[in-house]
Amino acid sequence: MDNQLVGTLLVIPLEPNQLNLFPEVKPTPALLTEALVMSADALLKWKSQILDYQQKVRENKPPEQVTLFDIAPNHCLTVM
C-alpha cells in the first residue's frame, strides 16, 4: 500500500470508485502563537475568581428537589 505521512496525518489513497468530496482541501499545520494571550496578573485574578466561586458553591446547601403538585405518597397499592 502506498501510504504517505503528511505532518501527523496518515494519508491513505482513495479507492478507484470512491469520490473525493474535497479535493482542494490540503492539511495544514496548526498555527501556534508565540505571545501570551493573558498576562500573569490577569490569569491569577481569573483563577482566584474561580476558586472563590467553587468555595461558595461547596458551602451553600444544595437545592432540594420539590414536586410540582402536593400529592400524598401512596405507599400501598391495592389490586382488585
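If you're wondering where the values come from, they're calculated on a predicted model, not measured in any experiment.

A. Summary view of a nonpolar patch on the surface. Side chains of V37, M38, L43, W46 and I50 sit close together on the surface and give an oily, nonpolar patch of about 500 Å² of accessible area. Along the chain, the position of I50 falls in helix α1 (residues 40-59).

B. Expanded view of the pattern of salt bridges. By the definition in use, this model includes 1 salt bridge. A salt bridge links K61 to E64; the shortest N-O distance between them is 3.2 Å.

C. Local environment of the environment of E64. Along the chain, the position of E64 falls in the segment after α1. Only 3.2 Å separates the side chain of E64 from the side chain of K61, close enough to count as a polar contact.

Conventions and cut-offs
- Residue positions within a chain follow its written sequence, with the count starting from 1.
- Per-residue local features are limited, in this predicted model, to residues with pLDDT of at least 70; the limit for side-chain atom pairs, both in listing and counting, is 80 or more; totals at the level of whole chains, interfaces and linings are taken over all residues.
- The basis for every side-chain value is the complete set of non-hydrogen atoms in the structure, without hydrogens or water.
- A patch is a set of surface residues, each over 30% in relative accessible area and not in a salt bridge, joined within 9 Å for like charges and within 5 Å for the nonpolar side chains Val, Leu, Ile, Met, Phe, Trp and Tyr.
- For the accessible areas, the method is Shrake-Rupley and the probe is 1.4 Å, while residue cover comes only from the protein chains on display.
- A carboxyl oxygen of Asp or Glu within 4 Å of a side-chain nitrogen of Lys or Arg is what we treat as a salt bridge.
- Every helix listed is a DSSP run of H or I at least four residues long, and every strand listed is a run of E at least two residues long, numbered separately from the N terminus.
- Whenever two N or O atoms come within 3.5 Å, that pair is a polar contact, provided that in protein one can donate a hydrogen and the other can accept it, and provided that, for residues adjacent in sequence, both atoms are side-chain atoms.

Remember, this is a structural readout, not a statement about activity or role.
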